[in-house]
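Structural overview for review
If you want the building blocks of each chain, they are given just below.
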Amino acid sequence: MIRIAIGEDHQSLIDGIALLIRDEAHIQLVCSATNGLELVQAVRKYQPDVIITDIRMPKMDGIQATEIIKKEFPEIAVIAFTMFDQQDAVQQMLDAGASGYILKNSSLQTLKKAIETVAEGTPFFDSQIELNNFEDDHTATSKNGLLTKRQLEILRLIAHGKTSREIADELFIGVHTVDTHRKNMMRILELKGKGELLRYALDRKYDF
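Residues numbered from 1 in each chain as written. Predicted model: local features only at pLDDT ≥ 70, side-chain atom pairs only at ≥ 80, totals over all residues. Heavy atoms only, no water.

For the protein, an unreviewed UniProt entry supplies the name LuxR family two component transcriptional regulator and the organism Leeuwenhoekiella palythoae.

In terms of nonpolar packing, the biggest core is built from 30 residues, with Leu39, Val43, Ile51, Ile55, Ile69, Met93 and Tyr101 touching the most fellow members. Contributions of two or more residues to this core are made by β2 (27-33), α2 (36-46), α3 (62-72), β4 (77-82), α4 (87-96) and β5 (100-103). If you tally residues by element for this core, the top one is α4, at five residues. Ignoring anything within four residues of it in the chain, the contact list for Ile51 reads Ala5, Leu39, Val43, Ile69, Ile76, Ala77, Val78 and Ile79. Counting 19 residues, the second largest nonpolar core, distinct from the first, contains Ile79, Phe81, Ile102 and Leu111. (Core = buried A, V, L, I, M, F, W, Y, C linked by side-chain atoms within 4.5 Å. Buried < 20%, exposed > 50% of the residue type's maximum accessible area, 1.4 Å probe, protein only. Helix = DSSP H or I, 4+ residues; strand = E, 2+ residues; numbered from the N terminus. Contact = heavy atoms within 4.5 Å.)

Once that is clear, we can look at the environment of Glu166. Structurally, the position occupied by Glu166 is in helix α7 (residues 164-171). Separated by 12 residues in the primary sequence, Glu166 and Val178 have C-alpha atoms spaced 9.8 Å apart.

Here we take up the pattern of salt bridges. Inspection of every chain in the model, using the stated rule, returns eight salt bridges. Lys104 is the salt-bridge partner of Glu8, the closest N and O atoms lying 2.9 Å from each other. Separated by 96 residues along the polypeptide, Glu8 in the loop between β1 (2-7) and α1 (11-21) and Lys104 in the loop between β5 and α5 (108-119) bring together distant segments of the chain. We classify Lys104 as partly exposed; its relative accessible area is 22%. As a salt-bridge pair, Arg44 and Glu72 come within 2.7 Å of each other at their nearest N and O atoms. You can see Arg44 sitting in helix α2 and its partner Glu72 sitting in helix α3, a full 28 residues away along the chain. Put simply, Glu8, Asp54 and Lys104 are held in one network by salt bridges that share partners. (Salt bridge = Lys/Arg side-chain N within 4 Å of Asp/Glu carboxyl O.)

Attention now moves to the environment of Glu67. Mapped onto the elements of the fold, Glu67 is located in helix α3. Excluding its chain neighbours within four sequence positions, the residues that come into contact with Glu67 are Ala96 and Phe172.

Time to look at helix α8 (residues 175-188). The terminal C-alpha atoms of α8 lie 20 Å apart, and with 14 residues this matches the ideal 20 Å at 1.5 Å per residue to within 8%. Along α8, the residues classified as buried are Val175, Thr177, Val178, Thr180, His181, Asn184, Met185, Met186 and Ile188. At its buried positions, α8 is contacted by α4, α6 (149-159), α7 and α9 (196-203). Residue Glu190 follows α8 closely and has a positive phi angle near 55°. (Expected span 1.5 Å × (residues − 1).)

Given below as structure tokens:
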């Protein structure tokens, strides 16, 4: 059973999603909210598996809500469901820790597929979004073994002895995002042991 929460300031859209999953035996809507603050409160109470959230909402936007939720519940997957396809909006949601990004002009069947995909731990992004333009924990491949700007920032903080939580707080991103960047850097740099990333950073004097 995939337990979902919805953050959306248009009740009609919440009702539409609820109608979509009504006959799905493996998906259950456990809570909904019409603003970001209520969404955070509802998630704390019901702790769903997947959250579908708009970006622009009253009281607290979806980006801030996602950051708070991912810090408190890193295991919860978040899908942005929005009209915004601008690079800045997508990047901010990815940095906040979102696992998926769907545009509102997509079909509800696409949204259902996104729910199922992120619930399995796999990112899902709308086919209308060009991921090559973004630097994030899911899509950055760092060609030729080179690290992205964000990864270098994290590496510098690792060299200073910062924990994932401290790095997340300093860079205003989710702990899950930091941990995924760590794993990506380990893979890119072909490092194996637990302390190898710190040793690599110190050896190359990233503790400036």
